[in-house]
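# Structure at a glance
Spelled out from the first residue to the last, the chains are:
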Amino acid sequence: ELGVAPDECVASFLPPSVDAHLLWNALACIRALEVPVDPSLTEEFLFHILQNSRIRHCFVRPENRAVPMLSGMSELRIHIVERDHSIVADVKPVEGVAPPPIKGVSCVVYTSGTSGPAKGAKLPWGLFNSTIGRIPRLQLSRQDSVYSPWPMFHVTGRTPLPAMADVGG
């Protein structure tokens, strides 16, 4: 409904949260790619990432609504993600729609840029699937949940979800 197209990159400035994981997977279901961005980046770095990945849509918390505008890109559509889960309140799952198979790209994470401008690394679903079992399954169950304080713009913020999904937690 927001006009996000398949193969389009969409910026996310969300902290580790249920909303961040829902956005990641929802974009995958429509074959769009999430580009998680560190909201503490400054103008030059923001511009590079948003321009390089051709971002038109940005999802942000209310307190970060001005951050994408620091890039100087005027055509951005800013979508505010409140903490009340209202962004998905009326969304109904579509039968048979799931993220792409293991070989598909799950998201684009930008490097730190230590050897030049930051580069977008396309992370496949297989990378995250390979993390399943790193926490032994015998230590996890449906009754468990995991606290993940790591940022979503880094792979460590994403790895707990497949492990918990594997056991139904």
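Structure's up top.
Per-chain numbering applies: the sequence of each chain, read as written, is numbered from 1 onward. At least 70 in pLDDT is required for a residue's local features to be given in this predicted model, at least 80 for side-chain atom pairs to be given and counted, and no such filter applies to totals for whole chains, interfaces and linings, which use all residues. In computing side-chain values, all of the structure's heavy atoms are included and hydrogens and water are not.

## A short note on the overall build of the protein chain
Looking only at helices and strands, one finds four helices and six strands in the protein chain. In terms of C-alpha radius of gyration, the protein chain reaches 16 Å, essentially the compact-globule figure of 15 Å for 169 residues. Along the first, second and third principal axes, the C-alpha atoms of the protein chain reach 50 × 40 × 30 Å. Relative accessibility thresholds used throughout: buried, under 20% of the residue-type maximum; exposed, over 50%; partly exposed, between the two (1.4 Å probe, protein chains only). The buried share of the protein chain, taken over its 169 residues, is 37%. Should any heavy atoms of two residues lie within 4.5 Å, those residues are counted as being in contact. At a minimum sequence separation of 6, the contacts of the protein chain that also span at least 24 residues come to 62%. Accessibility throughout is a Shrake-Rupley quantity obtained with a 1.4 Å probe, and a residue counts as covered only by protein chains that appear here. Accessible surface, the protein chain as shown: approximately 9900 Å² in total, 58% of it carbon and sulfur. For the purposes of this entry, the term helix denotes a DSSP run of H or I that reaches at least four residues, the term strand denotes a run of E that reaches at least two, and both are numbered from the N terminus. Within these notes, the globule rule equals 2.2 Å times the number of residues to the 0.38 power, and the radius of gyration is based on C-alpha atoms.

## As for the environment of Pro-149
Position of Pro-149 among the secondary structure elements: in the loop between helix H3 (125-129) and helix H4 (160-167). Between the C-alpha atom of Pro-149 and that of Arg-54, which follows or precedes it by 95 residues, the distance is 29 Å.

## What about the packing of aromatic side chains?
When we look at a pair of aromatic rings, we describe it by the centre distance and by the angle of the planes. By convention, a stacked pair of Phe, Tyr or Trp rings (six-membered ring in the case of Trp) has centres within 6.5 Å and planes under 30 degrees apart, an edge-to-face pair has planes over 60 apart, and any other such pair is tilted. Applying the stated criterion to the full structure yields two aromatic pairs. With 5.2 Å between their ring centres and 15° between their planes, Trp-24 and Trp-125 make a pair best called stacked. Within this pair, whereas Trp-24 is found in helix H1 (residues 18-29), its partner Trp-125 is found in helix H3, the two being separated by 101 residues in sequence. Each ring, one from Trp-24 and one from Phe-128, has its centre 5.2 Å from the other, and the planes form 75°; the classification is edge-to-face. Of this pair, Trp-24 sits in helix H1 while Phe-128 sits in helix H3, and the two are 104 residues apart along the sequence.

## Details of the side chain of Ser-12
Its place among the elements puts Ser-12 in strand E1 (residues 9-13). Overall, Ser-12 belongs to the buried group, its relative accessible area being 2%. Contacts described as polar in this section are N or O atom pairs within 3.5 Å, which, within protein, must combine one atom able to donate a hydrogen with one able to accept it, while residues neighboring in sequence count only if both atoms come from side chains. In terms of polar contacts, Ser-12 uses its side chain to reach the backbone amide nitrogen of Leu-14, at 3.5 Å. Within the structure, the side chain of Ser-12 is placed 3.1 Å from the side chain of Glu-34, a separation counted as a polar contact. When neighbours within four sequence positions are excluded, Ser-12 is seen to be in contact with Leu-23, Glu-34, Val-35, Pro-36, Val-37 and Phe-59.

## Brief notes about the nonpolar core
Counting residues in each nonpolar core, the largest one holds 18 residues, and the members touching the most others are Ala-11, Phe-13, Val-35, Val-37, Leu-50 and Ile-55. In contact with Phe-13, not counting residues within four places along its chain, are Val-37, Pro-39, Leu-46, Leu-50, Cys-58, Phe-59, Val-60, Asn-64, Val-67 and Pro-68. Put simply, a nonpolar core is a bunch of buried Ala, Val, Leu, Ile, Met, Phe, Trp, Tyr and Cys residues held in one set by side-chain atoms that sit within 4.5 Å of each other. In terms of nonpolar packing, the next biggest core, distinct from the first, is built from 17 residues, Val-10, Leu-14, Trp-24 and Ala-32 among them.

## Remarks on the environment of Phe-13
Structurally, Phe-13 is set in strand E1. In this structure, the C-alpha to C-alpha distance between Phe-13 and Pro-68, residues 55 residues apart in sequence, is 8.5 Å.

## Notes on helix H2 (residues 43-52)
Turning to H2, its buried residues are Leu-46, Ile-49 and Leu-50. Along the long axis of H2, the arc covered by the buried residues comes to 90°, so they all point the same way. Those residues of H2 that are buried are in contact with E1, strand E2 (33-36) and strand E5 (105-110). One or two steps after H2, the chain reaches Arg-54, where phi turns positive at roughly 55°. Note: the arc covers the axis-to-C-beta directions of the helix.

## Details of the pattern of salt bridges
Here a salt bridge means any side-chain nitrogen of Lys or Arg lying within 4 Å of a carboxyl oxygen belonging to Asp or Glu. With the rule as written, the count across this model stands at four salt bridges. For Glu-8, the salt bridge goes to Arg-56, with nearest N and O atoms at 3.0 Å. In this pair, Glu-8 sits in the segment before E1 while Arg-56 sits in the loop between H2 and strand E3 (57-60), placing the two residues 48 residues apart along the sequence. The exposure class assigned to Glu-8 is buried, which follows from its relative accessible area of 9%. The class for Arg-56 is partly exposed, based on a relative accessible area of 33%.

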